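Chain by chain, the residues run as shown.
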Amino acid sequence: MKKQDENAKLKYYTASQWQLIWWRFRKHRLSIVGMTILGIFIIFALFPEFFAPYSATDRNGESILCPPSKIVFKNAEGGFSLAPQVYGFKRERNRETLKMEYVVDESNIQPLKFFVKGEKYKLFGFLPGSIHLYGVDNGFVHLWGTDTMARDIFSRTIFATRSSLSIGILGLMIAFIIGLLIGGVSGYFGGWVDNFFQRLTEFIRSIPTYPLWMGVAAAMPREWGPKTVYFMMTIILGFIGWTTLARRIRSQIISIREADFIVAAKLCGASDMRIIFKHMIPTFISYVIVDLTISFPNMILSETSLSFLGLGLRPPVTSWGVLLRSAQNLNSIVNSPWMFIPAIFVILAVLSFSFVGDGLRDAADPYSEKS
Amino acid sequence: MEDNILVVKNLSKEFPIYKGLLRKKSATVKAVNDVSFEIKRGETLGLVGESGSGKTTLGRLILRAIEPTAGEVIYNFADETNVDFLKLNKKQLKKTRTKIQMVFQDPYSSLNPRMTVRDIIAETLVANKTMSRSEIDNRVREIADLCKLNLEHLRRFPHAFSGGQRQRIGIARALAVNPEFVVCDESVSALDVSVQAEIINLFKEMQAIKDITYLFIAHDLSIVEHISDRIIVMYLGQIVEEADKRTLFENPMHPYTEALMSAIPEPDPLRKMAPIFLEGEIPNPMNLPTGCYFHPRCHYATEKCKKEMPCLRCFGNHKVACHRAEELHLKQYIKY
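## Notes on the overall build of chain B
1) Next: Per the secondary structure count, chain B includes 10 helices and 12 strands.
2) Next: Against the 2.2 N^0.38 benchmark of 20 Å for 336 residues, chain B shows a C-alpha radius of gyration of 21 Å, consistent with a compact globule.
3) Next: Dimensions of chain B along its principal axes, counting C-alpha atoms only, are 65 × 55 × 45 Å.
4) Next: Considering chain B as a whole, with its 336 residues, one finds that 42% of them fall into the buried category.
5) Next: For chain B, contacts bridging at least 24 residues in sequence account for 66% of all contacts bridging at least 6.

See the structure below:
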């Protein structure tokens, strides 16, 4: 027993900062859940062609605004079976309202198969493949229904994950680089340089963000292609989002600039670069990562809200915002509520990032714990 | 002259004070004011004074951790190189830094919490790029052993250690490059009394083994008395008295030294202390008194003291900055 204690202690003493952070992070249940969800999202974003049964622009003939397919666990005799089956739909005119409606077609039953051969695609643009996670041999399966152009909403949401996450990550990268540069210069040199950059930061922060985004996004020429718009969006998000990060980095640098161990490093003959990269940045990088994680939902939400308002990404690029934009009318609310399912992804992503950020924040300073 | 490892001439440091929105320079603080002294090779020079007397600033000035406003700092190293330290360029400075090192006051803030003990001790060696990795490892092990650090502690991070152990890491870091001169800036004042003794003995052992010269800064005369050969007493950025340890304790010539010595705590409860209480606080360095800086608090002050600033006068090896040095007969330290 005592021996075990000793070992545990030894492990604690020789653990690097990241190990300590991970040990403390692990205790945070919600953060682990959040991290798992994010992991799944990232896998979705990497291989959407595999997870989605159809491509984002594939149209299923006539089935416009088809409701989610009904899945049952039945065998041919009507008993329980582990193999899921999908019912097809018939279109019928409702005799009372005279509307065309989708009715479950009990006679058209298809087994839902996994790892089926379907539409051909190229993974990462060059790896050819045709295996999809699930699908049916005849007809179509729409887990989350179809939209006004008969496209599979589930597939579109999976594909949208890629653009929404990547726009957030790229925007955050840009914000991080600008923040590191401006915050670093501001904190390291102090004096009028610091004064100038701080006033600039305050100026940018004082502008209400949504009108500013809308202004900049509206200034983008309409004739730009969707891809150009996509890159401009990341740049805009980055250029506006760096302020909090810059402040965090500045305050961290100021707080350790005069610390004894930095003076010690100087007296050791370490160069400025070595001091900055070996001695200064490692002491506060964990806080910066926390800030990055916490501001990630903002990035996603900004993209989503801009696209929702019609100012951000435009079709054929699919993002969560673009998907939700097509759902924003009374007709969808009343007749095809499944169009709002992509919102679940947004909510899950934002919540997960917040949970992970929370856990990281608590774990970021492993030395605050009394040992 | 040649046996002096360090000669400091007229060293001064002024810190400007800025005020208001436009950051106008409103005043200057003279932290170190025209200080000159020498340190002999192999000796330990104690530097004492109360908080705010400029001793830490002085210690950092002679290592160029802070750039001085005026003055000269000249090192004569064992290989007979004379170095005008303040005029070195970056490259020369880096090379010279391997010969002069510092041990800090606070064992907590002076060690980088993100580096292992091994990396902390090796930093000077790594930064100077003169040794291979295995050579560095050997040196680190050797010095850690000398500083009574367990070899398996080298893999640990500083948060695993107590104050005394951390200070030994700090000493190992300073001594890893075999420096000739080490500034100890209040290196034991943050520690427990029992640990203090341990660390002081470590300093002494290292001096015996490696032939190091120390500038030992402290506010506690009893520690300085234990370790130093010579002592300098500072008050408000100036040297007020400088003498051999024995001379100073037996025959203090400055009233400030007398007051400092009378305040040394007496470990024997049967012996009575008779501390001399100084009136008031140390004056604001932005607004220095006229004449002798010490006169507002001095029991022996005369009219002359209020008007004229005394200069540092030599009485043999004993230097004092007091107008009444000859006539006063000040109390010696009880122990002598």
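Back to the write-up after that little detour.
## With respect to the nonpolar core
1) Next: Ile 121 and Ala 172 of chain B are the most contacted members of the largest nonpolar core, which totals 156 residues.
2) Next: For this core, the leading source of residues is helix 5 (residues 153-189) of chain A, giving 11 residues.
3) Next: The residues contacting Ile 121 of chain B, other than those within four sequence positions of it, are Val 140, Ile 143, Ala 144, Ile 169, Ala 172, Arg 173 and Ala 176 of chain B.

## A look at the environment of Pro 84 of chain A
Residues and elements named next belong to chain A.
1) Next: Secondary-structure assignment places Pro 84 in strand 2 (residues 80-93).
2) Next: Counting along the chain gives 11 residues from Pro 84 to Phe 73, while the straight-line C-alpha distance between them is 4.7 Å.
3) Next: When near neighbours in sequence (up to four residues on either side) are disregarded, Pro 84 contacts Ile 71, Phe 73 and Leu 112.

## So, the confidence of the model for chain B
1) Next: Per-residue confidence for chain B gives a mean pLDDT of 84; residues scoring 70 or more make up 97%.
2) Next: Per the prediction output, this complex has pTM 0.73; the corresponding ipTM is 0.82.

## So, the interface of chain B and chain A
1) Next: Taken together, the contact pairs 24 residues of chain B with 20 residues of chain A.
2) Next: Among the elements of the structure, strand 6 (100-103) and helix 3 (117-128) of chain B are those that each provide at least two residues to the side of chain B that touches chain A.
3) Next: When residues of the side of chain B that touches chain A are assigned to their parent elements, the largest contribution, 4 residues, is made by helix 3 of chain B.

## Remarks on the sheet that holds strand 2 (residues 24-40) of chain B
All names here are of chain B.
1) Next: Spatially, 4 strands are ordered 2-1-4-5 in an open sheet, and the strand pairing comes out antiparallel. The sheet terminates laterally at strand 2 and strand 5 (82-84), the two strands that pair on one side only. Sheet twist, expressed as the mean angle between neighbouring strand axes with direction ignored, is 20°.
2) Next: As judged from the 12 bridges shared by strand 1 (residues 4-19) and strand 2, these two strands associate in the antiparallel manner. Within strand 2, the residue paired with Val 8 across the bridge is Phe 37.

## What about the packing of helix 2 (residues 17-26) of chain A against helix 14 (residues 342-363) of chain A?
For any two helices packed against each other, one specifies the inter-axial angle together with the distance between the axes.
Residues and elements named next belong to chain A.
1) Next: Close contact between helix 2 and helix 14 brings their axes to 8 Å; oriented N to C, the two are set at 125°. Classified by the interaxial angle, the pair formed by helix 2 and helix 14 is oblique. Of the two possible hands of crossing, helix 2 and helix 14 adopt the one that is right-handed. Here helix 2 contributes Ile 21, Arg 24 and Phe 25 to the contact with helix 14, which in turn contributes Gly 359, Leu 360, Asp 362 and Ala 363.
2) Next: Classifying every residue of the contact of helix 2 with helix 14 by side-chain character gives 4 nonpolar, 1 polar and 2 charged.

## Some words on the domain arrangement of chain A
Residues and elements named next belong to chain A.
1) Next: Taken as a whole, chain A is organised into domain 1 (61-149) and domain 2 (156-368).
2) Next: Using only C-alpha atoms to locate each centre, domain 1 and domain 2 end up separated by 39 Å.
3) Next: Contacts between domain 1 and domain 2 engage 7 residues on the former and 6 residues on the latter.
4) Next: The residue makeup of the side of domain 1 that touches domain 2, split by class, is 4 nonpolar, 2 polar and 1 charged.

## Observations regarding the sheet that holds strand 11 (residues 313-315) of chain B
Residues and elements named next belong to chain B.
1) Next: Read across the open sheet, the 8 strands follow the order 6-7-8-3-9-10-12-11; overall the sheet is mixed. In the strand order of this sheet, the two ends are held by strand 6 and strand 11, each with one partner. Strand-to-strand twist in this sheet, taken as the mean axis angle between neighbours without regard to direction, amounts to 20°.
2) Next: As paired strands, strand 7 (residues 181-185) and strand 8 (residues 213-218) are joined by 5 bridges and run parallel to one another. Bridging across to strand 8, Asp 185 finds its partner in Ile 217.

## A closer look at the environment of Leu 11 of chain B
All names here are of chain B.
1) Next: You can see Leu 11 is positioned in strand 1.
2) Next: Judged by the 22 C-beta atoms lying within 10 Å of it, Leu 11 is buried.
3) Next: Through-space distance from the C-alpha of Leu 11 to that of Ala 70 is 5.6 Å; in sequence the pair is 59 residues apart.
4) Next: Ignoring anything within four residues of it in the chain, the contact list for Leu 11 reads Val 32, Val 35, Leu 61, Pro 68, Gly 71 and Val 73.

## A short note on the packing of helix 5 of chain A against helix 11 (residues 272-308) of chain A
Residue and element names in this part refer to chain A.
1) Next: The interhelical angle for the contact between helix 5 and helix 11, taken along N-to-C directions, is 125°, at an axis separation of 9 Å. Here helix 5 lies oblique to helix 11, going by the angle between them. As for the relative orientation of helix 5 and helix 11, their crossing is right-handed in sense. Across from Ser 164, Ile 167, Gly 168, Gly 171, Leu 172 and Phe 176 in helix 5, the residues of helix 11 making contact are Leu 292, Ser 295, Phe 296, Met 299, Ile 300, Glu 303 and Thr 304.
2) Next: Tallied by class, the residues present in the contact of helix 5 with helix 11 amount to 7 nonpolar, 5 polar and 1 charged.

Analysis parameters
Residues numbered from 1 in each chain as written. Chains lettered and ligands numbered in written order. Predicted model: local features only at pLDDT ≥ 70, side-chain atom pairs only at ≥ 80, totals over all residues. Helix = DSSP H or I, 4+ residues; strand = E, 2+ residues; numbered from the N terminus. Rg over C-alpha atoms; globule rule 2.2 N^0.38 Å. Buried ≥ 20, exposed ≤ 12 C-beta atoms within 10 Å, placed from the backbone. Contact = placed C-beta atoms within 7 Å. Core = buried A, V, L, I, M, F, W, Y, C linked by C-beta atoms within 7 Å. pLDDT = per-residue confidence, 0-100. Pairing = 2+ DSSP bridges. Axes fitted to C-alpha atoms, helices over the stretch in contact; angles between N-to-C directions. Parallel < 35°, antiparallel > 145°, perpendicular 65-115°, else oblique. Left-handed = near helix turned anticlockwise from the far one by under 90°. Nonpolar A, V, L, I, M, F, W, Y, C, P; charged D, E, K, R; others polar. Domains from an automatic or database assignment.

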